[in-house]
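Listed below, chain by chain, are the residues.
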Amino acid sequence: MGEAERAFEACWWVVDDFVRFGMTDACISPGSRSTPLALALARHPSIRIHVHLDERSAGFFALGLAKATSRPVAVACTSGTAAAELFPAVIEASMSRVSLVALTADRPPELRGVGANQTIDQPGLYGRYVRASIDAPVPGDRSERGWWHELVHDLTRASMGPPPGPVHLNLPFREPLVPAPAELPASPPTDVEYSISEMTTPEELEEVARALGGCERAVVLAGGMREVPPDLPVLAERLGWPLLAEPTSGLRAPGSLSAWPMLLANGRFVASHVPELVLQFGAAPTSRATLELVRRAERLIVVDQDHLVADPLRKAEWTIRADAAAFTSSLLETIGSRSRSSWLAGWREPDGRARAAVDDLLDSWEEPFEGRVARDLVQSLPEGSTLVVGSSLPIRDLGAYMRPRDGLGVVANRGTSGIDGFVATALGVAAAGRPTYALMGDLTFLYDAGALLWSARQGFDAVLVIINNGGGHIFSLLEQRMLPELHELFTTPHRADIGAVTRAAGARHQRVEAASDLVPAIEAARAAGGVNVVEVVVDPERDRVLRAEVEATVADALA
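Below: a short report on this structure. (Residues numbered from 1 in each chain as written. Predicted model: local features only at pLDDT ≥ 70, side-chain atom pairs only at ≥ 80, totals over all residues. Heavy atoms only, no water.)

Right, let's get into the overall build of the chain. Within the chain, the secondary structure is distributed over 22 helices and 17 strands. For the chain, the C-alpha radius of gyration of 25 Å lies close to 24 Å, the compact-globule estimate for 559 residues. Viewed in the frame of its principal axes, the chain has a C-alpha envelope of about 80 × 60 × 45 Å. Within the chain, the fraction of its 559 residues that count as buried is 55%. (Helix = DSSP H or I, 4+ residues; strand = E, 2+ residues; numbered from the N terminus. Rg over C-alpha atoms; globule rule 2.2 N^0.38 Å. Buried < 20%, exposed > 50% of the residue type's maximum accessible area, 1.4 Å probe, protein only.)

Here it is as structure tokens:
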């Protein structure tokens, strides 16, 4: 058996073992050194491959696919800077707890550090952002199948947690790289779970119950979580506390507060509603107003099964590592019903007034407004859809304006809140086969336009709603707005023709310039199939005026 055949056989064993641990999809970018790996992935009958020209897009596509399927997804590339292009997706996977398997081909050890072409220091390339990193031997130097099986077993355990996250396998190969044809046994994919559900002891539950039971002025804050605790709204209701559910929590459902981010943006309301305790589930809040509420609260208790220390204020007096669903269910058995207090009504009634007033205001405008785009998009999506929402203003507007509803999954790259790779992430979610929609800004779209250019004709169905306000409008709402270099350095206005970019990619494009035209455009895009871009044109100066009107309307409603 020659060098190429040994390399292919080792890669086959690696791929087949990943399949036995649940992998069904892999992203591949073209390269010579990765030939044995690419062939093993492409020839395995249980792996569906997705080929991407750009490794960065491939990484984020794999990230979106892993988020949508809750299965590990591989992304394979050749050596050199190609491996470095995966780093942003690896970081996001680490921070958002996603099982991503980075498979990087490499030169053999004798070619490292001697100036060989396309050779960088790849072992340990992703540092602490991977749960495990292995620099494998050249397959010809280690041919026992059992050794490779143990390697994949260790990597899979590390990737699936707790907490789950990315892993890195660096595979060096010697030339030749193209093997002779071979028939090797293939395994079917299976469902394997390694995440360990940690649970508090009965004594700890009693202690938690006492801490919660003695508090009336408190809130339950639901941030992003891998697994939604379905009983959390019931627990909040029994305690008599408002549930502040972010869209990515999966708990912004009918019966929950609807306009609470607008309430927290009102200084007078917050001054009279500072809680004694915040009971936080999952990730820390990212909005400044919610963080300020947590900062002003007397106490903070965090429940997070992955124990990633979701406490940027360093305020938590208690961090409980437990499966949120099991923890909530057990707590319900421990805590009895409480008499209705004025505290919860003091949140619900203003929430209802603010929501009604803002909805009436938004419905009176025919000009597009970013908050109404977020609200109307969410309401128009069919049951079973997934909405992928971009960072910057879209995720904030979704949090503020989204009406509670069932049957919608919300996905966001909020691990590091970057805009890079967002289009690829959305298309990766679409590749899972579910109805997929995305909401993003114009710069987010242009930053990752390469993903659309490569993937728009690949047979995916996705509707991408782009708010075109001529640049990074969010900086006009932050302290940078006072700088004379605001437009030059921060808002970075562009002259790109989004319609031309979309058509060049082979996708459909619609331009919306009236608020009432948005939902019909989305419905037409859904009916057309394929990748569709709905561009909503917003005047940034006018948008700032409308935001001020919303703020004043909320203030009047609360007064």
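Read from one edge of the open sheet, five strands run β8-β7-β9-β10-β11, paired in parallel fashion. Each edge of the open sheet is held by one strand with a lone partner, namely β8 (243-245) and β11 (318-320). Recorded for the sheet is a direction-independent mean angle of 20 degrees between the axes of neighbouring strands. Where strand β10 (residues 299-303) and β11 come together, three bridges link them in parallel fashion. By the bridge assignment for β11, Val303 is matched with Ile320. Sitting on the sheet, helix α11 (residues 288-296) is in contact with β7 (218-222), β8, β9 (277-281) and β10, with an inclination near 140 degrees to β7. (Pairing = 2+ DSSP bridges. Axes fitted to C-alpha atoms, helices over the stretch in contact; angles between N-to-C directions. Contact = heavy atoms within 4.5 Å.)

Below, the discussion takes up the layout of surface pockets. Approximately 330 Å³ is the volume found for the second largest pocket. Ser392, Leu393, Ile419, Gly472 and Ile474 are the residues nearest the centre of the second largest pocket, which is lined by 21 residues in total. Put simply, the parts of the chain that give the lining of the second largest pocket at least two residues each are α15 (393-401) and α17 (442-447). Partitioning the lining of the second largest pocket into residue classes produces eight nonpolar, nine polar and four charged. (1 Å grid on protein atoms, 1.4 Å probe; cavity = no way out; pocket = protein on both sides within 12 Å on 5 of 7 lines; lining within 4 Å. Points joined across faces, edges and corners; volume = space filled by probe spheres on them. Nonpolar A, V, L, I, M, F, W, Y, C, P; charged D, E, K, R; others polar.)

Moving on: α15. Among the nine residues that make up α15, eight are buried, leaving the element largely enclosed by the rest of the structure. Taken together, the buried positions of α15 are Leu393, Pro394, Ile395, Asp397, Leu398, Gly399, Ala400 and Tyr401.

This paragraph deals with the pattern of salt bridges. Opposite charge on two side chains permits pairing when their charged atoms draw close. Enumeration according to the criterion identifies 30 salt bridges in this entry. Here Arg375 ties to Asp363 by a salt bridge, and the two come within 2.6 Å at their closest N and O atoms. Pair noted here: Arg375 is in helix α14 (residues 370-380) and Asp363 is in helix α13 (residues 342-363), with a separation of 12 residues, a long-range link. We classify Arg375 as buried; its relative accessible area is 2%. (Salt bridge = Lys/Arg side-chain N within 4 Å of Asp/Glu carboxyl O.)

Note that the residue after Glu175, namely Pro176, is joined by a cis bond; omega there is 0 degrees. One can find Pro176 in the loop between β6 (167-172) and α7 (202-213).

Where like charges cluster on the molecular surface, the negative patch consists of Glu203, Glu204, Glu206 and Glu207. Tracing the backbone through its elements, the reader meets Glu203 in helix α7. (Patch = residues over 30% accessible without salt bridge, like charges linked within 9 Å, V, L, I, M, F, W, Y side chains within 5 Å. Areas by Shrake-Rupley, 256 points an atom, 1.4 Å probe, with all protein chains shown as cover. Lys, Arg positive; Asp, Glu negative; His and termini not counted. Charge placed at Lys NZ, Arg CZ, Asp CG, Glu CD.)

On to the pairing of strand β12 (residues 385-389), then. Extensive coverage of β12 is indicated by the burial of five of its five residues. Side chains Ser385, Leu387 and Val389 project from β12 onto one buried face, and the interleaved Thr386 and Val388 project onto a second face that is buried too. A crossover links β12 with its parallel partner strand β13 (residues 408-411), the connecting element being α15, and its sense is right-handed. Bridge count between β12 and strand β14 (residues 436-441): four bridges; the pairing is parallel. Its bridge partner lying in β14, Val389 is registered against Leu439. (Right-handed = clockwise from strand over helix to strand, strands pointing away.)

With that settled, the discussion passes to the packing of helix α3 (residues 55-69) against helix α5 (residues 87-96). Packing of α3 against α5 leaves a shortest axis separation of 8 Å and a crossing angle of 25 degrees. Relative to α5, the element α3 is oriented roughly parallel. Crossing of α3 over α5 shows right-handed handedness. Contacts between α3 and α5 involve Gly59, Phe60, Leu63 and Lys67 on the former and, on the latter, Pro88, Ala89, Glu92, Ala93 and Ser96. (Parallel < 35°, antiparallel > 145°, perpendicular 65-115°, else oblique. Left-handed = near helix turned anticlockwise from the far one by under 90°.)

A few words now on the nonpolar core. Leu212, Trp241, Phe281, Phe327, Leu331, Trp347 and Val550 are the most contacted members of the largest nonpolar core, which has 62 residues in total. Counting residues per element, this core draws most heavily on α13, which supplies six residues. In contact with Leu331, other than residues within four places in its own chain, are Leu205, Val208, Ala209, Leu212 and Leu235. (Core = buried A, V, L, I, M, F, W, Y, C linked by side-chain atoms within 4.5 Å.)

In short, geometric facts, not functional conclusions.
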